[in-house]
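# Chains, contacts and geometry: an overview
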Amino acid sequence: LGSTSSVSFAATVIKLCYRVLAPLFVGQLTQYWLPSVAKWAKKHKPTLKKLQEHLLTFIVYVTFVKLDVGVGAVDVVVMIIVQCLLLVASMGVAWFMLGLLNFDKKLRVMGLFGCTHKTVAMGVPLITAIYEGGSQPLGLYLLPLLVWHPSQLVIGSFLVPRLLKWV
């Protein structure tokens, strides 16, 4: 708190283009122009899904290893508690609003998770593109996202059986 910094908009957009959009674009072109690759990927979808999960776990692990939060352990614990409370509160608001708007049960459940879902796969490149080389430790910006994602999994795992019975 109390410090300032500047972020180059153009440099950030360029970093995001080659870290996020370029791989997405190459994947879409490969799917369209190389149907044999698309067919192979469809055939091996369960294996590729497992690989995706392992790679995401690896990304989170590497990010944690390189993490320099620059704050004490008590502050990190407080941040984890606040993150979990924010997630529960945002899920509550989403659930209430979707009910208020008279969505049917299936759409309401989908909206509950869709409204509060944040992805590490997009968040880490975005945060590193914006704050890389800044005066603050990068971990200070990454830690909330790295806590939010597992919190979604834990809270979602608790809610899914109950919501399945409700739907």
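Residues numbered from 1 in each chain as written. Predicted model: local features only at pLDDT ≥ 70, side-chain atom pairs only at ≥ 80, totals over all residues. Heavy atoms only, no water.

Right, let's talk about the overall build of the protein chain for a bit. Scanning the protein chain from terminus to terminus reveals seven helices and zero strands. Starting at the N terminus and walking to the C terminus, you meet the elements of the protein chain as α-α-α-α-α-α-α. Intrachain contacts of the protein chain at a sequence separation of at least 6 include 74% that bridge at least 24 residues. Accessible surface for the protein chain amounts to roughly 12000 Å². Of this, 72% is attributable to carbon and sulfur atoms. (Helix = DSSP H or I, 4+ residues; strand = E, 2+ residues; numbered from the N terminus. Contact = heavy atoms within 4.5 Å. Areas by Shrake-Rupley, 256 points an atom, 1.4 Å probe, with all protein chains shown as cover.)

Now for unusual backbone geometry. One non-glycine residue, asparagine 102, lies in the positive phi region at around 60 degrees. The residue asparagine 102 is located in the loop between helix H4 (73-100) and helix H5 (105-116) in this model. Judged by relative accessible area, which is 68%, asparagine 102 ranks as exposed. (Buried < 20%, exposed > 50% of the residue type's maximum accessible area, 1.4 Å probe, protein only.)

Further remarks concern the packing of aromatic side chains. A complete count under the given rule lists two aromatic pairs for this structure. Relative to tryptophan 33, the ring of tyrosine 32 has its centre 5.1 Å away and its plane inclined at 90 degrees; by these criteria the two rings are edge-to-face. Here tyrosine 32 falls in the exposed class, since its relative accessible area comes to 62%. Classification of tryptophan 33 as exposed rests on a relative accessible area of 61%. The aromatic ring of phenylalanine 158 is capped on one face by arginine 162, whose charged end is 3.9 Å from the ring centroid. (Phe/Tyr/Trp six-rings, centres within 6.5 Å; stacked < 30°, edge-to-face > 60°. Lys NZ or Arg CZ within 6 Å of the ring centre and 35° of its normal.)

Another aspect to go through is the side chain of arginine 108. Residue placement: arginine 108 occurs in helix H5. No salt bridge forms around the buried arginine 108; measuring N to O, its nearest opposite-charge neighbour aspartate 104 is 9.3 Å away. Arginine 108 has contacts with Trp95, Phe96, Leu98, Gly99, Phe103 and Trp166, leaving out every residue within four places of it along the chain. (Lys, Arg positive; Asp, Glu negative; His and termini not counted. Salt bridge = Lys/Arg side-chain N within 4 Å of Asp/Glu carboxyl O.)

The next thing to look at is the environment of leucine 56. With respect to the secondary-structure elements, leucine 56 resides in helix H3 (residues 45-65). Judged by relative accessible area, which is 24%, leucine 56 ranks as partly exposed. Apart from the residues lying within four places of it in its own chain, the contact partners of leucine 56 are Val120, Ala121 and His149.

To continue, consider the packing of helix H6 (residues 120-131) against helix H7 (residues 138-166). The contact between H6 and H7 brings their axes to 10 Å, and the two run at 170 degrees. Classified by the angle between their axes, H6 and H7 sit roughly antiparallel to one another. Contacts between H6 and H7 involve Val120, Gly123, Val124, Ile127, Thr128 and Tyr131 from the former and Leu138, Tyr141, Leu142, Leu145, Leu146 and His149 from the latter. Partitioned by chemical class, the residues of the contact of H6 with H7 number nine nonpolar, three polar and no charged. (Axes fitted to C-alpha atoms, helices over the stretch in contact; angles between N-to-C directions. Parallel < 35°, antiparallel > 145°, perpendicular 65-115°, else oblique. Nonpolar A, V, L, I, M, F, W, Y, C, P; charged D, E, K, R; others polar.)

Time to look at helix H1 (residues 9-33). When the local axis directions of H1 are compared, the greatest deviation, roughly 40 degrees, occurs at cysteine 17. Those residues of H1 hidden inside the fold are in contact with H6. (Bend = angle between axes of the 7 residues up to and from the residue.)

Turning our attention to the packing of H4 against H7. Here H4 crosses H7 at 40 degrees, and the two axes come no closer than 9 Å. The orientation of H4 relative to H7 falls into the category oblique. For the pair H4 and H7, the crossing hand works out as right-handed. Residues Val76, Met79, Ile80, Gln83, Cys84, Leu86, Leu87, Val88, Ser90, Met91 and Trp95 of H4 touch H7, and the partners they reach there are Leu143, Pro144, Val147, Trp148, Ser151, Gln152, Ile155, Leu159, Leu163 and Trp166. Class assignment for the residues of the contact of H4 with H7 results in 17 nonpolar, four polar and no charged. (Left-handed = near helix turned anticlockwise from the far one by under 90°.)

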